[in-house]
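The residues making up each chain are set out below.
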Amino acid sequence: MYKRVIEYLGEIRSFMVSRQRAAHIQRMEEDSVELFPELCESDKERLLVAVCAHDLFRDVESKKLVKISKIWNLKITKVEAFAPVLLHGKVASEYLKRRFKLSDEEILDAVAYHTSGMPTDSLIVKLLVLLDTLERGRNFDGVDELRAIAKRSLDEGYIEVIKNKIRYALNHSLLILPQTVEAWNFLRGVR
Ligand SMILES: [Fe+2]
Ligand SMILES: [Fe+2]
């Protein structure tokens, strides 16, 4: 069903993103099969749409991301106004909606919140966060262990990756995204 969308997103990739970014997306495509071989065909396709779309706007400059967000009436949070690069997921999600009339909320959420994660039970949302963090080109302390956990259990993997995002942000004095905190609390039982 989504084959045409995946093909199209693959075609525009080379002029939408840098070569390094294109390679990152390519590795995620490959790892989606290797890390999660048990996915059914339709979930594989849905995940691929999300993978191919998630960073399409990552190399668009901040000013333009803000401009596009305003034209498309997207809500810009305080944190996003402070660091507009964070808008790249939301903009890509809105693009899918507008360009392909895509209405699969799980794909749209996955793309919009791939950087932060979010409170969710959605398989596609969790898989995209895992792939983005753990694709084979990623190299940070503990990545191999995280990959092994994710391979064993998607849910355990998601918990550990959200935990890692918060820990990393604190250790490097970076922003902690509100959706990441909400994801963590959700995983601790807040509904
Ligand atoms: Fe991204
Ligand atoms: Fe990414």
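Residues numbered from 1 in each chain as written. Chains lettered and ligands numbered in written order. Predicted model: local features only at pLDDT ≥ 70, side-chain atom pairs only at ≥ 80, totals over all residues. Heavy atoms only, no water.

Enquirer: Mind showing me how you'd approach the coordination of the iron ion (ligand 1) here?
Expert: Four donors placed tetrahedrally about a metal ideally form angles of 109.5 degrees, and six donors placed octahedrally ideally form angles of 90 or 180 degrees. Taken together, Asp55 (OD), His88 (NE2) and His114 (NE2) make up the protein donors of the iron ion (ligand 1), found 2.1 to 2.2 Å from the metal. Written as a sequence motif, the donor arrangement for the iron ion (ligand 1) is D-x32-H-x25-H. If you look at the iron ion (ligand 1) and the iron ion (ligand 2), they sit 3.7 Å from each other and are both ligated by Asp55. In this pair, Asp55 is assigned in the loop between helix H3 (41-54) and helix H4 (62-71) and His114 in the loop between helix H7 (105-112) and helix H8 (123-134), connecting sequence segments 59 residues apart. Judged by its relative accessible area of 1%, His114 falls in the buried class. (Donors = N, O, S within 2.8 Å, 3.2 Å for Na, K, Ca; no water. Helix = DSSP H or I, 4+ residues; strand = E, 2+ residues; numbered from the N terminus. Buried < 20%, exposed > 50% of the residue type's maximum accessible area, 1.4 Å probe, protein only.)

Enquirer: Honestly, the coordination of the iron ion (ligand 2) in this entry has me stumped. Any pointers?
Expert: Around the iron ion (ligand 2), the protein supplies His24 (NE2), His54 (NE2), Asp55 (OD) and Asp132 (OD) as donor atoms, at distances of 2.1 to 2.2 Å. Taken together, the four donor atoms coordinating the iron ion (ligand 2) span angles of 83 to 174° at the metal, a pattern that classifies the geometry as irregular. Sequence positions of the residues that donate to the iron ion (ligand 2) give the spacing H-x29-H-D-x76-D. (Tetrahedral: all angles 85-135°; square planar, octahedral: opposite > 155°, others 65-115°.)

Enquirer: I keep staring at the pattern of salt bridges and nothing clicks. Help me out?
Expert: Pairing of side chains with opposite charge becomes possible as their charged atoms draw close. Tallied over the entire structure, the rule returns 18 salt bridges. Between Asp43 and Arg46 there is a salt bridge, and its shortest N-O distance comes to 2.8 Å. Placement of the pair is Asp43 and Arg46 together in helix H3, with a separation of three residues, close to one helical turn. Just as Asp43 is buried, Arg46 falls in that class too. Each of the salt bridges in this network shares a partner with another, and the network as a whole consists of Glu30, Asp31, Glu34 and Arg136. (Salt bridge = Lys/Arg side-chain N within 4 Å of Asp/Glu carboxyl O.)

Enquirer: Hey, could you run me through the environment of Lys64 in this one?
Expert: The topology assignment puts Lys64 in helix H4. Residue classification places Lys64 among the partly exposed positions, given a relative accessible area of 48%. On a C-alpha basis, the gap between Lys64 and Thr120 in space is 30 Å, while along the polypeptide they are 56 residues apart.

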